[in-house]
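# Chain and residue survey
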Amino acid sequence: MKVTRLPDVQRREGRSVAVGTFDGVHLGHRQVIAGSDTVLTFDPHPVSVVAPQHTPKLLTTPARKAELIASLGVEEMVVIPFDAEFAKRSADEFVQDVLVGALDAKRVAIGENFRFGHKAQGDPRLLAADQRFSTTVHPLLEVDGEIVSSSHIRGLVLAGELAEATRLLGAPFQLCGEVTHGDERGRELGFPTANLVPDEALACPGHGVYACLANTPSITDRPAAVSIGVRPTFQTGRGELIEAYLLDFDGDLYGQTLCLEFLTRLRGERRFDTPEALVEQMHLDVAQTRELAVAHRARA
């Protein structure tokens, strides 16, 4: 899939365009995108510009969003570099300059809650009234009586309900980061970990221990028991950390990009009376992670 910034887009007749922020590319987004050859989206998230105090924690980085959209068979993702100047454009200017002028859209697909233009004055009715292209407005998707939305999924991630978040996303929730040096506490306990510092801009699962699959440029789907928290058994002075113990792995990952796909939450963060009690629990966490990874592969 080709990724293009709006100023660099080449005019092509007959585009079928799905428009939205699409953070997470969840099941509802996928309904909007289905059948479109082009996705029009925004970076950064528009809320971070028009109401920065309400900026949400993102479910996907721009790279992850592109990866997920590409997996849906889309030919091109056009990214609007959203800034204060672009936010001043009226709804009519957005339609004329972007949808018609730059993209020559013949079909437009949106969700029913999509708003656009200065002060969000544009809505689905404005698009549907434009005769230069056809407009499909998709109703919000409900699963088990709950509307599928990025905000709802963020809540699930924060609560540690990763299996449910993955079900609504349609793909595993993923966090990536550079492996950094820690204080090697895990190595002392017999469980050397790859440490990531959470990105403040991204949604991060709540404190606890998770079964994950780990990927690096040289490792694919390696089972990993992952702890997120502040390690209450020890006085470390460190802030929140993501610590991944990769099963059956012995190597140096420092400086590499590690991506973690979350399968499920194993337990909450706990304080143990002794390091020995912690080690005993870690053995149980690793065994459970191994079983879950095997079951995951069998379903795949």
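See the structure shown above.
Scoring rules and cut-offs
- Residues numbered from 1 in each chain as written.
- Predicted model: local features only at pLDDT ≥ 70, side-chain atom pairs only at ≥ 80, totals over all residues.
- Heavy atoms only, no water.
- Pairing = 2+ DSSP bridges.
- Helix = DSSP H or I, 4+ residues; strand = E, 2+ residues; numbered from the N terminus.
- Axes fitted to C-alpha atoms, helices over the stretch in contact; angles between N-to-C directions.
- Contact = heavy atoms within 4.5 Å.
- Buried < 20%, exposed > 50% of the residue type's maximum accessible area, 1.4 Å probe, protein only.
- Salt bridge = Lys/Arg side-chain N within 4 Å of Asp/Glu carboxyl O.

## What about the sheet that holds strand β14 (residues 257–268)?
Here we have six strands laid out as an open sheet, ordered β9-β14-β11-β12-β13-β10, and antiparallel in their pairing. The open sheet has two edge strands with one neighbour each: β9 (174–178) and β10 (194–196). Taken pair by pair, the neighbouring strands of this sheet meet at an average axis angle of 35 degrees, ignoring direction. Pairing geometry for strand β11 (residues 208–216) and β14, over eight bridges, is antiparallel. When the sheet's bridge partners are listed, Y210 is paired in β14 with R265. Across the face of the sheet, helix α8 (residues 162–169) comes into contact with β11 and β14 while running at roughly 125 degrees to β14.

## Side note on helix α3 (residues 62–70)
Of the positions making up α3, those classed as buried are R64, K65, A66, L68 and I69. Those residues of α3 that are buried are in contact with β1 (2–5), α1 (27–33), β3 (38–43), β4 (76–81) and β9.

## With respect to the pattern of salt bridges
Summed over the entire model, instances satisfying the criterion amount to 16 salt bridges. Between R12 and D37 there is a salt bridge whose closest N-O contact spans 3.7 Å. Placement of the pair is R12 in the loop between β1 and β2 (15–19) and D37 in the loop between α1 and β3, with a sequence separation of 25 residues. For R12, a relative accessible area of 27% gives the class partly exposed. Between R15 and E76 there is a salt bridge, with its nearest N and O atoms 2.9 Å apart. Here R15 is found in strand β2, whereas its partner E76 is found in strand β4, with 61 residues between them in sequence. Its relative accessible area of 6% is what places E76 among the buried residues. Taken together, the shared-partner salt bridges connect R12, R15, D37 and E76 into one network.

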